[in-house]
Amino acid sequence: MHDSLLLFGATGDLAQRYLFPSLLHLLRDRLLPDEFRVIAIARSEHDDASFRDWLRERLGDDYDTSLVDELLRRIQYVPVDLGDADAMAASLSRFADRPAVSYLSTPPNLFASACRGLKAAGLLEAPSRLVLEKPIGHDLASAQEIDATLKSALDESRIFRIDHYLGKAPVQNLLALRLGNTLLEATWERRWIESVDIIVAETAGVDGREGYYADYGALRDMVQNHMLQLLALIAMEPPAAMDTDSIRDEKRKVLRALRPMTAADAAADSVRGRYGPGVVDGQAVQGFKHGGHEDVETFVGLRAWIDNWRWAGVPFRLVTGKRMPSRTTEVVVTFKPVTHWLFGPGERKRARANQLRVRLQPEETIELGLMGSLAASEWAANELQPMSLDLAMLPPKRRIAYERLMIDALKGDQTLFVRDDEVEAAWRWIDSVSAAWREAGTPVRDYPAGSWGPAEAQPFLPRTLTTHNGRK
Ligand code: BG6
């Protein structure tokens, strides 16, 4: 296990909110190596002491003081301008004394120059590793350009592309559920499944990240990575083994089978929205400040088609939005109706398709919607009604997905990281969507914060979402 972490973007939002707290949790649980050290790197002119004070304040009072002290003792701070490869090499080469994991928690436009600086500093020599935050590029061409620079410095086996959704225990549970149960494994295909919904709804807005969002929008920020990774785990063929490359091979195949969107499909298969002022969690909030970037969505609904034997004709609806009425990440698999209906017309009216609903956030629950007869009367055997088997899972031990991912990067396990060809396949499809939008002039429709998106989004939302989760 490597014990030297160079964290670029150390004063950034992600580092403050998730990366340093993850390290604290790992330290608390004694999962980090004895000699573990963090070289915190950012542009700000701090020294070790002032950075430690700054970080202590950011971490707040939630943690044991001695634990925070221990983490801070292990941190050194180095101010570096990532745009200047020579300066970078000069300030960082002293840390090439041992194998390191360099983690670029920075915007993607800095990846190439940071990589050149790291290489010049000797920090990418084998067995050192490089971790990159998403998004990798802005489209396929820029992702390929970044990749070419990375590959000139180190090989794929030492590149760790983060998609933090893969570090979430409930996301991994999707694989366990579908591959560990005959019931699901046998019915996991077009003959039995009518549709699949993947929803990532957030109550949070874009606050503080308007500049980034204006360039990326929900399509690039959420769909290209998190949602397509969820889709890949749900739709991929069972891998030959649960090893890193067998799983990534299958994910790549399914991403490549996504049917490119055309301008002619855009109206039926997509909807874009942007939140305006409204009320979320009882609080009045402002609308998205697009700063003149009119063509940016904070909500997107897509109908994706996977052109392969398993999924031909099954729509995968992907919906994600900011400033929704409740925070919900869930997957809903709707099965086809029974082949032959034996019960009465009243029953038929009440009939609901079987549905597997796996909620991943904020709490993890699994619901299986069935039809049955609940009535106590001896005459009621034919009185069918919808019922549900509900399972509430215990909260995962590692609440922050980055905890798992940091450990895996230090250990060198790439299973939960995204391979180059998966990133490319995902961009290829995303590029088809943005080209279809451009060509078709797909409008960005306003919706009030605190609603389930624009009216046009209704056909993309499963009924269970709006009925169950409208409440707060
Ligand atoms: C990030 C996106 O990758 O994921 C954010 O950039 C989004 O816009 C976040 O809010 C959602 O992550 P989570 O773990 O809160 O569902």
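In this text the structure is predicted, and so the values were computed from the model without any measurement. (Residues numbered from 1 in each chain as written. Predicted model: local features only at pLDDT ≥ 70, side-chain atom pairs only at ≥ 80, totals over all residues. Heavy atoms only, no water.)

### Looking at the site of the ligand
What counts, and what does not: In this text, near means that some heavy atom of the residue lies within 4 Å of the molecule or strand in question. Two N or O atoms form a polar contact when they lie within 3.5 Å of each other; inside protein one atom must be a possible hydrogen donor and the other a possible acceptor, and for residues adjacent in sequence the pair counts only when both atoms belong to side chains. Each accessible area is a Shrake-Rupley result for a 1.4 Å probe, and residues are judged covered by the shown protein chains and nothing else. Helix and strand definitions follow DSSP, with helices as H or I runs of at least four residues and strands as E runs of at least two, each counted in order from the N terminus. Any residue outside Ala, Val, Leu, Ile, Met, Phe, Trp, Tyr, Cys, Pro, Asp, Glu, Lys and Arg is labelled polar, Gly included; the first ten of those are nonpolar and the last four are charged.
Surveying the vicinity of the ligand reveals the residues Lys-134, His-164, Tyr-165, Lys-168, Glu-202, Arg-209, Asp-221, Met-222, His-226, Lys-322, Arg-327 and Gln-361. Between an oxygen atom of the ligand and a side-chain N or O atom of His-164, the distance comes to 2.8 Å. Within the contact set of the ligand, an oxygen atom lies 3.3 Å away from a side-chain nitrogen or oxygen of Arg-327. For the ligand, whose accessible area on its own is 400 Å², the fraction buried by protein is 82%. Among the elements that make up the shell around the ligand, the one with the highest residue count is helix 9 (residues 210–235) (3 residues). A breakdown of the residues in the shell around the ligand according to their chemical character gives 2 nonpolar, 3 polar and 7 charged.

### Quick notes on the UniProt feature "active site" (unreviewed entry) in the protein chain
To keep it simple, the criterion reads: UniProt positions are given in the numbering used here, feature names are shortened, and annotations may be inferred rather than shown by experiment. Burial classification: accessible surface area is computed with a 1.4 Å probe over protein chains only, and a residue below 20% of its type maximum counts as buried, one above 50% as exposed, and the rest as partly exposed. Whether two residues are in contact is decided by their heavy atoms: any pair within 4.5 Å suffices.
As recorded in UniProt, the sites labelled "active site" (unreviewed entry) are His-226. Here His-226 lies in helix 9. For His-226, a relative accessible area of 2% corresponds to the buried category. Apart from residues no more than four positions distant in its own chain, His-226 is found in contact with Lys-134, Asp-163, His-164, Tyr-165 and Asp-221. Polar side-chain contacts of His-226 include one of 3.5 Å to the side chain of Asn-225.

### Overview of the environment of Arg-220
Looking at where Arg-220 falls in the secondary structure, it is placed in helix 9. Exposure remark for Arg-220: the relative accessible area of 14% places this residue in the buried category. A C-alpha to C-alpha distance of 7.5 Å links Arg-220 and Ile-430, two positions 210 residues apart in sequence. The residues touching Arg-220, leaving out its near neighbours within four places in the chain, are His-138, Asp-215, Asn-225, Trp-427, Ile-430 and Ser-434.

### Quick word on the sheet that holds strand 5 (residues 129–132)
We count it as follows: Pairing between strands is defined by DSSP: at least two bridges between them are needed. Axis definition: a line fit to C-alpha positions, over the contact stretch in the case of helices; interaxial angles, taken between N-to-C directions, run 0 to 180 degrees.
An order of 3-2-1-4-5-6 is seen for the 6 strands of this open sheet, with the pairing classed as parallel. Across the chains shown, the open sheet's two edge strands, defined by having one partner strand only, are strand 3 (75–79) and strand 6 (159–161). Taken over all neighbouring pairs, the strand axes of this sheet differ in orientation by 20° on average, direction set aside. Both strand 2 (residues 37–42) and strand 3 contribute to a ladder of 5 bridges, which runs parallel. Looking across to strand 3, one finds that Ile-39 is bridged to Gln-76. Lying over the sheet, helix 2 (residues 48–59) contacts strand 2 and strand 3, oriented at roughly 110° with respect to strand 3. Strand contacts of helix 5 (residues 111–120): strand 1 (4–8), strand 4 (101–104) and strand 5, with the helix running at about 160° to strand 4, the strand carrying the most contacts.

### Concerning the environment of Asp-421
As for its position among the elements, Asp-421 is in helix 14 (residues 420–440). Here Arg-419 takes part through its side chain, which lies 2.9 Å from a polar atom of the side chain of Asp-421.

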